[in-house]
Amino acid sequence: MHRLPPPPTLPRPPARIRFPLIAVVAPVVGAVVIGLVTGSPFVLVFAVLSPLIAIATVLDGRRAARRERRDEAERFDRECRAYSVAIARAHAVERAEADARHPLAAAAHDESRAVRLGTAPARSAAAPEEVLLPGDSADEVRLRAMIARARRHDGLPVVVPRGPVAVHGSGLAADAIVRRLAAEPGVAVVRLAEGEHPQPGAVLVRVRSATDVTITTADGGSVTAVPEFIGRPQLAAATAQHSSRLHRDPPGSVRWRDLEPTVATDERAPTGIGVPVGLDGGGSVLLDLEREGPHALVGGTTGSGKSEFLRALALGWAATRSPSELTLLFVDFKGGATFAGLTDLPHTVGLVTDLDPLVAERALLSLRAELRRRERVLAEAGLRDIAQQPELLARLIVLVDEFAALIDAFPELHAPFADLSARGRSLGVHLVLCTQNPAGAVRDAVAANCAVRIAFRLSATAGAGFIGAEGRELAGAPAGRAVIVTAEGARTVQIATIDDDDIAAVRQRWAGVAPASSPWVPPLPERLDLTQLEQASADRGGVDEGATPSSSLEPSDAVAMPTLAFGVLDDPAEQRRLPAAWHSARDGALAVVGAPRSGRSTALAALAESARRAGSAVTVLPGSVTEAWALLESLGEQPIEAGLLLADDLDLLLADAGDLAPELLARWDAAVRAMRRAGGGAAATIGPASSARGLLGARFESRLLLRCLDADDHQLAGAPRGLFDRAAPPGRGWWADRQVQVVEAPLQALAPTRCPAVPWLPPADRDVVVVTRRVASTAAAVQQAHPLHRVVIDPAREPLEGAAGQSSAPHVATVQLAPRILIADPEGWQSAWALFTSLRRTAPVVVARSEAADLRALLGQRTTPPPLDEREGDVWVVEPGEPVRRRSWTTLAAG
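Residues numbered from 1 in each chain as written. Predicted model: local features only at pLDDT ≥ 70, side-chain atom pairs only at ≥ 80, totals over all residues. Heavy atoms only, no water.

### Considering the overall build of the chain
So, point 1. In terms of regular secondary structure, the chain is built from 28 helices and 33 strands.
So, point 2. Taking all 895 residues of the chain together, the buried fraction comes to 51%.
So, point 3. Sequence-distant contacts in the chain: of pairs separated by 6 or more residues, those separated by 24 or more amount to 71%. (Helix = DSSP H or I, 4+ residues; strand = E, 2+ residues; numbered from the N terminus. Buried < 20%, exposed > 50% of the residue type's maximum accessible area, 1.4 Å probe, protein only. Contact = heavy atoms within 4.5 Å.)

The following block contains the structure:
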């Protein structure tokens, strides 16, 4: 079909006629000048002739313009009539060629063509090139309408691929369309009642009248057409031919090895990846996904022979293609028994089962990355389809047993399988999806690309919904009996069965051949050392994507804390590994959550080691409540440098704090804020999420999730659902929604930052007030340790006035007195309240071996005092005008 020539050109407008002003003026001026020179008035008569000549010239030009305009109009009209004839002729030729390409297939007994349903207006292939017509003149409107008529053919054949076709409507026209489609080989026609919907992947024909139908294809495209019918003799002949082929009886059972001689002499054997799967009444039946697919959908009830079909299909491919030409990936969500023995073939790149959901999800997500890899390989070779250079890439066949169970376990795999089905053909990836009820388990996005349908025993309703009318006869089919529907038609087949000897023979054929390589990177190792982490960072060229660029493995003088690598991430969707890294400015405070012996402390040690190698200061919270309180208080009160604050088992530390836990947690929060303001960060390990929900909350913006207690705790922690692994090694967890293995770092990196109390001794020049619940033992220890002080255990008898170093008696010379240490319980000091209030102005008050309530009662303290470790001699010391401070008076330490 050639394009129409360019359309007629618009009439050319005549040249514009202008009045010859200069031609008129010049002779007049000349005549006047000559008259003045000669003195003859008769010369002026010539001046009168020039206007007359000019007017005559204008009138003649207008007459010529009218004649030219008339000629152009006649020429345009003549060419438009000729062009209209050319349009009709070109459209007639185009229709004849389309009729030759797409005849009424049932009448022609040609099963290789698409199904022609009718005719509809469509864009003509003979349309001329675009012509710009900006105006609205009558000629332009006429030319624009003629070009539009040339571009639009009034009636070209509407064809659809062979497969399931659903007819909606009633009346004689709908009945005739159903009868005609039923005679088409390879077409499964279903009559829909009002309110029913077609099965996924089916073509919908909505009949309104004998001249008006709407055809909707599987991809959602819709066209309104005029249906076409064939005569009764042609319909009867087509029906007889189709029926004779469909109803040949296949044998009752077929051994796979018996197919090999048949295949060797079968002239119908395709040149693609066709393999024998069984026998029908006419001989061997071959399935070629490259030519007929690209994908296949298998349906049937339990015990109908679906799994045997997958086994025969896989062994057939392995027998006829080398591992460098074709590879097999088995997905068995019935426990892994379907493909027993076949996994030892060198073609096998993996077996995915429901027994290990983590491995299953990882392998299936890798398939999308395999598609991208194949796209890159084809692009680098300048190819669009693997068929252009078959040796470039091995074809990958993915055989899935119980696809419905797979999708139930991993609903997020709907999108990857839809992507595989849409892009797999040109990339050499083929799917064979097996399930009990394909109509309910397989979405339209996948089913639309599964041109091959294999139906085993199904109920009449399910069979008709899957492959059409032929499916209604499968309700009582024996095991192994199937109807295979391809573009060539439907064939009833007895599927071959394989045994161990068949598998051994194929395995022996490829003995010594290198097995096929896996399409995904190996899983993460169970143990990872710092050297491997450094290598992963070097291979990647840095740390995890999105992190601030900096090296977490070499010393640095940076002020702000850099990105810290602590493990290796598994990214199966991209077929790669990444350094797992944490950056406080990007990720916020980090909580490492996990069960005991899940590797929490190791993860924290990895962060500490990474920070020290980067030159950042590391502060590790001590395990005692007393020292942790003191350290956090100091971090929250004084300026600090950017660094890393770590707390191992923060939940246990808070549990040990008892009633002080809320205030200890508040000090942790304050220290974290101070550390982050300085450019640093904080991380803590926490036990199972089920017991630390209140602690997690919004306090930690990011979480490293290690192995949990159980599946419920795993889900509560925020890890991906359904992927709990009780046998996960220490350090295995989830970071940024991807699996991670934490590097093994020495636990010495978590040596706590000590914060002992400041030593304190009684001053030599002042009295000391001691409040204690154990007056006798305290007095004895003080008297023994400080013999130069005078120990008083009954302060009520002491004079109100007087201080260390002088006598308070009147008219007596000043006498040097030893400083007093006045010891009493809270009630004793209440009795000597006047003396207590007097001494508070100058003397330190020491509260030892007492409760915080005593401190509040006597001194009116509203803030919670720091906790004490009495075994180390910790006491509360209140200097005049100063807050309560924790000090160490070793005199009172437990002996």
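### Some points on the pattern of salt bridges
So, point 1. For the structure shown, the criterion picks out 40 salt bridges.
So, point 2. Across the salt bridge formed by Asp99 and Arg95, the nearest N and O atoms sit 3.0 Å from each other. Pair noted here: Asp99 and Arg95 are both in helix H2 (residues 44–101), with a separation of four residues, about one helical turn.
So, point 3. With a relative accessible area of 26%, Asp99 lands in the partly exposed category.
So, point 4. Where Arg667 meets Glu633, a salt bridge forms, and the shortest distance between an N and an O atom there is 3.5 Å. Here Arg667 is found in helix H22 (residues 661–677), whereas its partner Glu633 is found in helix H20 (residues 625–637), with 34 residues between them in sequence.
So, point 5. Of the residues examined, Arg667 reaches a relative accessible area of 18% and is grouped as buried.
So, point 6. One connected set of salt bridges, linked through shared partners, spans Arg95, Asp99, Arg116 and Glu228. (Salt bridge = Lys/Arg side-chain N within 4 Å of Asp/Glu carboxyl O.)

### Some points on the sheet that holds strand E24 (residues 702–706)
So, point 1. A sheet is described by the order of its strands in space; here nine strands give the open sequence E19-E18-E26-E25-E24-E20-E23-E22-E21, paired in mixed fashion. The open sheet has two free edges, formed respectively by strand E19 (576–582) and strand E21 (617–620), since each of these has just one partner strand. Neighbour-to-neighbour, the strand axes of the sheet open up by a mean angle of 30°, direction not taken into account.
So, point 2. Bridging between strand E22 (residues 643–647) and strand E23 (residues 681–686) involves four bridges; their strand directions are parallel. Counterpart to Leu644 in the pairing with E23 is Gly681. (Pairing = 2+ DSSP bridges. Axes fitted to C-alpha atoms, helices over the stretch in contact; angles between N-to-C directions.)

### Overview of the packing of aromatic side chains
So, point 1. Per the stated rule, a full pass over the model turns up eight aromatic pairs.
So, point 2. Measuring from centroid to centroid gives 5.4 Å for Trp833 and Phe836, while their planes differ by 25°, and the two rings are stacked. Here Trp833 pairs with Phe836, and both are found in helix H27 (residues 833–840), just three residues apart, close to one helical turn.
So, point 3. By relative accessible area, which is 35% here, Trp833 ends up partly exposed.
So, point 4. Look at Phe836 and you get buried, because its relative accessible area is 0%. (Phe/Tyr/Trp six-rings, centres within 6.5 Å; stacked < 30°, edge-to-face > 60°.)

### Side note on the pairing of strand E13 (residues 395–401)
The two faces of the sheet receive side chains in turn, since in a regular strand these alternate between them.
So, point 1. The buried fraction of E13 amounts to seven of the seven residues, a majority that puts the element mostly inside the structure.
So, point 2. What you see with E13 is no split at all: Arg395, Ile397, Leu399 and Asp401 on one side and Leu396, Val398 and Val400 on the other are buried throughout.
So, point 3. Summarising the sheet, strand E11 (residues 326–332) and E13 pair through seven bridges and their orientation is parallel. Across the sheet, the residue bridging to Phe330 is Leu399, located in E13.

### Observations concerning the packing of helix H21 (residues 650–657) against H22
So, point 1. For the pair H21 and H22, interaxial distance at closest approach is 8 Å and the crossing angle is 140°. In terms of orientation, H21 and H22 fall into the oblique class. Residues Leu650, Leu653, Leu654 and Ala657 of H21 touch H22, and the partners they reach there are Ala661, Leu664, Leu665 and Trp668. (Parallel < 35°, antiparallel > 145°, perpendicular 65-115°, else oblique.)

### Notes on a positive patch on the surface
So, point 1. There is a patch of like positive charges on the surface, built from Arg62, Arg66, Arg67, Arg69 and Arg70.
So, point 2. Along the chain, Arg69 turns up in helix H2.
So, point 3. The class for Arg69 is partly exposed, based on a relative accessible area of 46%. (Patch = residues over 30% accessible without salt bridge, like charges linked within 9 Å, V, L, I, M, F, W, Y side chains within 5 Å. Areas by Shrake-Rupley, 256 points an atom, 1.4 Å probe, with all protein chains shown as cover. Lys, Arg positive; Asp, Glu negative; His and termini not counted. Charge placed at Lys NZ, Arg CZ, Asp CG, Glu CD.)

### Let's talk about the environment of Pro294
So, point 1. Tracing the chain through its elements places Pro294 in the loop between helix H8 (289–292) and strand E10 (296–299).
So, point 2. Pro294 sits in the buried class, given a relative accessible area of 11%.
So, point 3. Sequence separation between Pro294 and Gly424 is 130 residues, and the spatial gap between their C-alpha atoms is 7.5 Å.
So, point 4. Beyond its immediate stretch of four places on either side in the chain, Pro294 contacts Leu289, Arg425, His430, Leu431 and Asn449.

### Quick look at a nonpolar patch on the surface
So, point 1. A surface patch of nonpolar side chains, about 350 Å² in accessible area, is lined by Val25, Val29, Val33 and Val37.
So, point 2. Summarising the element assignment, Val25 is placed in helix H1 (residues 21–38).
So, point 3. Here Val25 falls in the partly exposed class, since its relative accessible area comes to 41%.

### Some thoughts on helix H16 (residues 500–509)
So, point 1. By the burial criterion, the buried members of H16 are Asp502, Ile503 and Val506. Take H16 and look down its axis: the buried residues cluster within an arc of 100°, on one side only. Opposite its buried face, H16 presents the exposed residues Asp500, Asp501 and Gln508, each directed more than 90 degrees away.
So, point 2. Those residues of H16 hidden inside the fold are in contact with helix H9 (306–320).
So, point 3. The opening residue of H16, the one whose side-chain oxygen lies 3.1 Å from the backbone nitrogen of Asp501, is Asp499. (Arc of directions from axis to C-beta. Polar contact = N/O pair within 3.5 Å; in protein donor to acceptor, adjacent residues only side chain to side chain.)

### Observations concerning the sheet that holds strand E5 (residues 203–209)
So, point 1. In spatial order, the strands read E2-E1-E7-E6-E5-E3-E4; together these seven strands make up an open sheet with mixed pairing. Strand pairing shows two members of the sheet lacking a second neighbour, strand E2 (152–160) and strand E4 (188–192), which therefore form its edges. Along the sheet, successive strands turn relative to each other by an average axial angle of 35°, direction set aside.
So, point 2. Note: strand E1 (residues 115–123) against strand E7 (residues 222–227), two bridges, orientation antiparallel.

### Quick word on H9
So, point 1. Taking 1.5 Å as the rise per residue, H9 with 15 residues should run 21 Å; its terminal C-alpha atoms sit 22 Å apart, in good agreement.
So, point 2. Burial within H9 is extensive, with 13 of its 15 residues counted as buried. (Expected span 1.5 Å × (residues − 1).)

### Looking at unusual backbone geometry
So, point 1. One non-glycine residue, Arg597, lies in positive phi territory at about 65°.
So, point 2. On the secondary structure map, Arg597 appears in the loop between strand E20 (590–593) and helix H19 (600–613).
So, point 3. Its identity as a non-glycine residue notwithstanding, Ala736 has a phi of 55°, on the positive side.
So, point 4. Relative to the helices and strands, Ala736 is located in the loop between strand E25 (732–735) and strand E26 (738–742).

### Concerning the confidence of the model for the chain
So, point 1. Residue-level pLDDT values for the chain average 81, and 86% of them are 70 or greater.
So, point 2. Per-residue pLDDT stays below 50 along residues 544–559; that stretch engages in 39 contacts with residues further than four places along the chain or on separate chains.
So, point 3. Every residue in residues 805–814 scores below 50 in pLDDT, and together they form eleven contacts with partners more than four places removed in sequence or on other chains. (pLDDT = per-residue confidence, 0-100.)

### Digging into the packing of H9 against H16
Between two packed helices, the angle of one axis relative to the other and the distance separating the axes together describe the packing.
So, point 1. The N-to-C vectors of H9 and H16 enclose an angle of 25°; their axes lie 9 Å apart at closest approach. Overall, the two elements H9 and H16 adopt an arrangement that is roughly parallel. Both H9 and H16 take part in a crossing whose hand is left-handed. In contact with Arg311, Leu315, Ala318, Ala319 and Thr320 of H9, H16 contributes Asp502, Ile503, Val506 and Arg509.
So, point 2. Across the contact of H9 with H16, the residue classes break down as five nonpolar, one polar and three charged. (Left-handed = near helix turned anticlockwise from the far one by under 90°. Nonpolar A, V, L, I, M, F, W, Y, C, P; charged D, E, K, R; others polar.)

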